[in-house]
Amino acid sequence: VSVSGFTVVAVGVAAVRRWSLPVEDRFRVPYQRWIGDARRELLEPESRLDGVLNVVLVASIILAVGAVSYAVMVPPDGERFTEFYILTEDDDGERVAANYPTSFELGESQPVIVGVENHEHESHSYAVVVQLQRVETQENESTVTERVELDRFTTPELAHNDTWTTEHGIEPTMASEQLRVQYLLYIDDVPASPTRENAYRDLHLWIDVAP
């Protein structure tokens, strides 16, 4: 407000000072002379070479203006990605990426918060498949020997930059140590056999389940 007010007052002062000058001393933008000079340079060049150079100059200016206008009107989309995460709530009710449940009893349910954030520059709906997996590790390679689907749910359609979260209760259906709860994220459709290899994003938690 202060800058705008100062500008209005200064414009009034400048106008009064301009009117107090003789007409021939008032500053004017000589656009008519500029237009006339440009027309003579373009239409009445001193040589054929000057005419060619003038045409090239005009074409370059038009091309530059068009490129800048396109860049302003159609900015690049930037990186496309989807955030997929699991959170928990601490004692104060704050959502944190820590303190995940690791010890269960068979049939017991413990909650986590699953989140999806769309940065794909277009709307999408997502599907989440939750599996409980028994995994064997040999020579730094993990092999799923048994998998059970615990749950499956879909998000509403999310526009660009939209976020969706839901509370999901993990309820193991088999007892063992070092079971893997695998969350698989898909855009739109889920394949007939959901696996980590065909998922768009994946997350997992390691849990121990007592019988």
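For the structure, see preceding data.
Conventions used here
Residues numbered from 1 in each chain as written. Predicted model: local features only at pLDDT ≥ 70, side-chain atom pairs only at ≥ 80, totals over all residues. Heavy atoms only, no water. Helix = DSSP H or I, 4+ residues; strand = E, 2+ residues; numbered from the N terminus. Core = buried A, V, L, I, M, F, W, Y, C linked by side-chain atoms within 4.5 Å. Buried < 20%, exposed > 50% of the residue type's maximum accessible area, 1.4 Å probe, protein only. Contact = heavy atoms within 4.5 Å. Pairing = 2+ DSSP bridges. Expected span 1.5 Å × (residues − 1). Salt bridge = Lys/Arg side-chain N within 4 Å of Asp/Glu carboxyl O. Axes fitted to C-alpha atoms, helices over the stretch in contact; angles between N-to-C directions. Phe/Tyr/Trp six-rings, centres within 6.5 Å; stacked < 30°, edge-to-face > 60°. Lys NZ or Arg CZ within 6 Å of the ring centre and 35° of its normal.

(A) View of unusual backbone geometry. Residue H121 is not a glycine yet carries a positive backbone phi of 65°. Position of H121 relative to the elements: it lies in the loop between β4 (110–119) and β5 (126–138). One non-glycine residue, Q178, adopts positive backbone phi at about 55°. Structurally, Q178 can be placed in strand β8 (residues 176–187).

(B) The arrangement of the nonpolar core in detail. Of all hydrophobic cores here, the largest spans 22 residues; its most connected members are F84, V116, V128, I170, V181, Y183 and I207. Elements with a minimum of two residues in this core: β1 (81–89), β4, β5, β7 (163–170), β8 and β9 (201–210). With residues near it in sequence (within four places) discarded, V128 still touches F84, D151, R152, F153, Y183, L184 and L185.

(C) Molecular detail of the sheet that holds β7. If you walk across this open sheet you meet the 4 strands as β2-β1-β4-β7, and the pairing is antiparallel. Of all the strands in the sheet, just β2 (95–96) and β7 have a single pairing partner and so form its edges.

(D) Expanded view of helix α1 (residues 2–19). The end-to-end C-alpha separation of α1 is 26 Å, in line with the 26 Å expected for 18 residues at 1.5 Å each. Buried residues are scarce in α1, accounting for 0 of its 18 residues.

(E) Geometry of the pairing of β1. Pairing of β1 with β4, which is carried by 7 bridges, proceeds in the antiparallel orientation. Looking across to β4, one finds that L87 is bridged to I113. Where β1 lies against β2, 2 bridges are found, and the strand directions are antiparallel. Bridge assignment links T88 to a residue of β2, and that residue is V96. The antiparallel pairing of β1 with β2 creates a hairpin that spans 5 residues between the two strands, and G93 there sits at a positive phi of about 80°.

(F) Summary view of the pattern of salt bridges. Applying the stated criterion across every chain, the model contains 4 salt bridges. Its salt-bridge partner being R80, residue E122 comes within 3.9 Å of it at the nearest N-O pair. Placement of the pair is E122 in the loop between β4 and β5 and R80 in the loop between α3 (48–73) and β1, with a sequence separation of 42 residues. For E122, a relative accessible area of 42% gives the class partly exposed. On the basis of relative accessible area, R80 is assigned to the partly exposed category, the value being 41%. Across the salt bridge formed by E149 and R152, the nearest N and O atoms sit 2.9 Å from each other. The exposure class of E149 is partly exposed, given its relative accessible area of 39%.

(G) Inspection of the sheet that holds β8 at higher detail. As summarised here, the arrangement of the 5 strands in space is β3-β9-β8-β5-β6, forming an open sheet in which the pairing is mixed. Bordering the open sheet on either side are β3 (103–105) and β6 (141–154), each of which pairs with just one other strand. This sheet shows a mean twist of 35° between the axes of neighbouring strands, independent of strand direction. In this sheet, β8 lies alongside β5 in antiparallel orientation, the contact comprising 9 bridges. When the sheet's bridge partners are listed, V128 is paired in β8 with L185.

(H) Fine view of the packing of aromatic side chains. Applying the stated rule across the entire model yields 1 aromatic pair. Residues F153 and W164 carry aromatic rings whose centres are separated by 6.1 Å and whose planes lie at 40° to one another, so their mutual orientation is tilted. Of the two residues, F153 sits in strand β6 while W164 sits in strand β7, which places them 11 residues apart along the sequence. A residue is classified by how much of its surface remains accessible, and F153, at 16% relative accessible area, is buried. One residue, R201, lies across the ring of Y200, its end atom 4.3 Å from the ring centre.

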